[in-house]
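Report on the structure
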Amino acid sequence: MKLVSRNADRFLCMTCLAKQLDCSREALEERVRYYRESGNCVLFR
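In short, a report on the structure. All values derive from a computational prediction rather than experimental measurement. Counting restarts for each chain: residues are numbered from 1 in the order of the written sequence. Owing to the predicted nature of the model, reporting of local features is limited to residues with pLDDT of at least 70; listing and counting of side-chain atom pairs is limited to 80 or more, with chain, interface and lining totals taken over all residues. Just so you know, side-chain values use all the structure's heavy atoms and leave hydrogens and water out.

Strands here are runs of E lasting at least two residues and helices are runs of H or I lasting at least four, both read from the DSSP assignment and numbered beginning at the N terminus. Per the secondary structure count, the protein includes 2 helices and 0 strands. Across its three principal directions, the C-alpha atoms of the protein cover 25 × 25 × 10 Å. Only protein chains enter the accessibility calculation, which uses a 1.4 Å probe; a residue is then buried when its area is under 20% of its type maximum, exposed when over 50%, and partly exposed in between. A buried classification covers 18% of the 45 residues belonging to the protein. Of the roughly 3900 Å² of accessible surface on the protein, a fraction of 45% belongs to carbon and sulfur atoms. Charge-centre separation for the protein: the mean point of 9 positive side chains lies 6 Å from the mean point of 6 negative side chains. Surface accessibility follows the Shrake-Rupley procedure with a 1.4 Å probe radius. Residue values consider only the protein chains on display as shielding. Counted as positive: Lys and Arg. Counted as negative: Asp and Glu. His and the chain ends are not counted at all. Charged groups are reduced to one reference atom each: NZ for lysine, CZ for arginine, CG for aspartic acid, CD for glutamic acid.

Listed below in structure tokens is the structure:
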């Protein structure tokens, strides 16, 4: 949701989302890890 839209009502798995955003799954996982470790984002707790 954080990467797409907080109002999203349709969700993709990480692999499909990476394809949709034209990036690697690893890049998405790294971004999720960044948000979790920052502690400021309630969407990744």
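This is not the end of the story, as more comes after the structure.
Pairing of aromatic rings covers Phe, Tyr and Trp, the last counted by its six-membered ring, and requires centre-to-centre distances within 6.5 Å; plane angles under 30 degrees mean stacked, over 60 mean edge-to-face, and any other angle means tilted. Here the structure, examined in full by the defined rule, presents 1 aromatic pair. Looking at R31, its charged tip hangs above the ring of Y34, at a distance of 5.3 Å from the centre. By definition, being over a ring means that NZ of Lys or CZ of Arg is both within 6 Å of the ring centre and within 35 degrees of the ring normal.

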